[in-house]
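# Structural description and commentary
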Amino acid sequence: MLALKIRQSEFHRYLVPVDTSSTQQLFTDVLIIGAGIAGLRAAIEAGSKSSVTIVCKDGIEQSNSWNAQGGIASVLGDEDDFESHCSDTIKTGCGLNNVEIVRQVVRKGPELIRQLLNWGTEFDTIDGKIDITLEGGHSHARVAHAHGDSTGMAICKALVRKVRSMPEVHIIEKFYAIDLITGDENNCLGVLGCNGGGHLQIIWAQNTILSSGGAGRLYRETTNQPIATADGLAMAFRAGAVLRDMEFMQFHPTTLYIAGASRALITETLRGEGAILRDNAGRAFMKDYHADAELAPRDVVSRAILSQMLKTNSTHVYLDIRHFDKSHFSKRFPLISELCSSFDIDVSKDLIPVRPSAHYMIGGVKTDSKGRTSIKNLYACGEVASTGLHGANRLGSNSLLEGLVFGQITGELAGEQAAKTELAIRKYPRMKIPIPISDRSRLDTADVLNSLRSLMWRNVGITRTAKPLAEAQEIIHFWQRYVADKVFDKPAGWECQNMLLVAFLMALAAEKRTESRGVHFRADFTDTDDNKWKKHIEIVKGE
Ligand SMILES: Cc1cc2nc3c(=O)[nH]c(=O)nc-3n(C[C@H](O)[C@H](O)[C@H](O)COP(=O)(O)OP(=O)(O)OC[C@H]3O[C@@H](n4cnc5c(N)ncnc54)[C@H](O)[C@@H]3O)c2cc1C
């Protein structure tokens, strides 16, 4: 492990002044920040043991979970087994997986997926059994899907229904969590946030579960929803939690490329079911890059596409599904079918223009096998966490599974532990922490964010080298000097502060890792260096 301590002289511990005497306050046993698959699953578990408040910064439907398409991986087929799912996960993770965590997640999968079915998730079935499909990197068909390519929505709808039926769970939408509040004993006491009415509010909690999702919005090209602005990572860092593997951002090989349109994901299940990648001369090129061609792991396919785009001087490549049965396609992939039609792409005749985009944040808040972070009473699960499941590369469809499993684990522990503590002995401190007024110039945060996203795409993207990575840190640091010292009163300002901080940490970790491994590809260090780098980079706030 390489441990980095980052000096915080120019950052404030809290983004806004804290004053308990003039701020509305709520109390709950378990506070859950984020209502994607991980947070919802945690709420169900914790809510059967104690009182739970679950907050999300927008509507409950605005999450990456809600938009997940392809499916959720688990051992559900007769010919499949746990060893095989573990070994595929470990092979993809390139030496950095925590094998115990892999086993734990894989083994819990089937039971938790059947539970989802019982709670009303409308998985696609064949002869009464969950239908499973093959995806790149998996040696067996094991990806369960729902309504074809609306798996995330189907799972979340069932989870939300279940959560809403639980009297002990209180959902607050449009509550923006600004900062975790910590006490003197390296313990988390809850959160300071801004409610839908624009008022600051403190939610004190026995235990807090961070499930605030990923950081894809740091990149100009991304599949992620607008909520994925790295808030949880930044909050946890400011609170003193250890972050790990921040250099590992996974890029999805195939997102629809139509200038001006948002980067909608074209699920890799299509490649699993026979779609072919072609360059602008119509040539199928994947065999040039990997023996498994279209079924190679994501990082290999993303880099192959980028390299082919450069070779052919093109802004994109194409996905060819002209040989698919059209009526099967529109039933199996209704969302993508509708999307293509909306841009007049007739998939039986036309090729689909695609290119890679930032997709999944592998790094995150370091946790142990119970989802505990380095701060007492603070748990993390889902994409915000670094549990060690994915190693240096995530196997497709393993992230919904991870959110489900660690949601259940953290919810159970946080709920049980909170229930044991008597209300009478819960004490919350009075706090008054001002922030000095800055006399430095103001920058336009929208402008900074646009520039940041382009910078991250160019300098901390799919292919990296030392100089652009160092340059990215310098530029981000310059912006931080004018943004981090300000007090904002709206989410847009706090998001900008969070994204600058996390972008800096990602560029720093990517510069330090002088090798290529998994999703982290250094054009100046193309080999994997097990002697020096078969280890994690951990980052924590310094004195
Ligand atoms: C288009 C797309 C398709 C995908 N397809 C698949 C797939 O098929 N299979 C698979 O396994 N994975 C897939 N993934 C990845 C997977 O969807 C995510 O990794 C997973 O859903 C993350 O779940 P989560 O609960 O951790 O976070 P999310 O589902 O992203 O939820 C984050 C929650 O945190 C809240 N939040 C964030 N910041 C704050 C704040 N400051 N204050 C309050 N609330 C906050 C948000 O409002 C939201 O409720 C896909 C991702 C995308 C983007």
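Since this is a predicted model, take the numbers as computed values, not measurements.

## Considerations on the overall build of the protein
Secondary structure summary: the protein contains 15 helices and 25 strands in total. The C-alpha atoms of the protein give 22 Å as radius of gyration, which agrees with the globular expectation for 543 residues (24 Å, within 12%). Along the three orthogonal principal directions, the C-alpha set of the protein runs to about 65 × 55 × 50 Å. When each of the 543 residues of the protein is scored for burial, the buried share is 61%. In the protein, of all internal contacts separated by at least 6 residues, the share reaching a separation of at least 24 is 74%. Approximately 21,000 Å² of the protein is accessible, and the part contributed by carbon and sulfur atoms is 50%. With 63 positive and 64 negative side-chain charges, the protein shows a separation of 3 Å between the mean positions of the two kinds.

## Focus: the packing of helix H12 (residues 445–459) against helix H13 (residues 466–483)
Running from N to C, H12 and H13 cross one another at 165°; their axes reach a closest spacing of 10 Å. Taken together, the axes of H12 and H13 are roughly antiparallel relative to one another. For the element pair H12 and H13, the recorded crossing hand is left-handed. Facing H12, whose interface residues are Thr445, Val448, Ser451, Leu452, Leu455, Met456 and Asn459, H13 presents Pro468, Leu469, Glu471, Ala472, Ile475, Ile476, Trp479 and Val483. Here the residues of the contact of H12 with H13 sort into 11 nonpolar, three polar and one charged.

## Some points on the domain arrangement of the protein
Domain parsing of the protein yields domain 1 (18–248 + 362–423) and domain 2 (249–359). The C-alpha centroid of domain 2 is placed 29 Å from the C-alpha centroid of domain 1. Counting residues at the interface gives 27 residues for domain 1, matched by 28 residues for domain 2. Taking both partners together, domain 1 and domain 2 bury about 2,200 Å²; carbon and sulfur atoms supply 47% of that area. Looking at the side of domain 1 facing domain 2, the largest losses of area belong to Asp149, Glu221 and Thr223, adding up to 26% of the total buried there. Where domain 1 touches domain 2, the interface holds zero salt bridges.

## Topic: the packing of aromatic side chains
Tallying each qualifying case throughout the model produces nine aromatic pairs. Taken together, the aromatic side chains of Phe27, Trp204 and Tyr428 make up a single cluster linked through ring pairs. Its end group placed over the ring of Tyr14, Arg13 keeps NZ or CZ at 4.0 Å from the ring centre.

## Section: unusual backbone geometry
Even without a glycine there, the phi angle at Ala230 is positive, about 65°. Tracing the chain through its elements places Ala230 in the loop between strand S13 (200–210) and helix H6 (231–239). At Asn313, a residue that is not glycine, the phi angle is positive and equals roughly 55°. Among the secondary structure elements, Asn313 is positioned in the loop between helix H8 (298–311) and strand S17 (317–320).

Rules used in this analysis
Residues numbered from 1 in each chain as written. Predicted model: local features only at pLDDT ≥ 70, side-chain atom pairs only at ≥ 80, totals over all residues. Heavy atoms only, no water. Helix = DSSP H or I, 4+ residues; strand = E, 2+ residues; numbered from the N terminus. Rg over C-alpha atoms; globule rule 2.2 N^0.38 Å. Buried < 20%, exposed > 50% of the residue type's maximum accessible area, 1.4 Å probe, protein only. Contact = heavy atoms within 4.5 Å. Areas by Shrake-Rupley, 256 points an atom, 1.4 Å probe, with all protein chains shown as cover. Lys, Arg positive; Asp, Glu negative; His and termini not counted. Charge placed at Lys NZ, Arg CZ, Asp CG, Glu CD. Axes fitted to C-alpha atoms, helices over the stretch in contact; angles between N-to-C directions. Parallel < 35°, antiparallel > 145°, perpendicular 65-115°, else oblique. Left-handed = near helix turned anticlockwise from the far one by under 90°. Nonpolar A, V, L, I, M, F, W, Y, C, P; charged D, E, K, R; others polar. Domains from an automatic or database assignment. Buried area = accessible area lost by both parts, 1.4 Å probe. Salt bridge = Lys/Arg side-chain N within 4 Å of Asp/Glu carboxyl O. Phe/Tyr/Trp six-rings, centres within 6.5 Å; stacked < 30°, edge-to-face > 60°. Lys NZ or Arg CZ within 6 Å of the ring centre and 35° of its normal.

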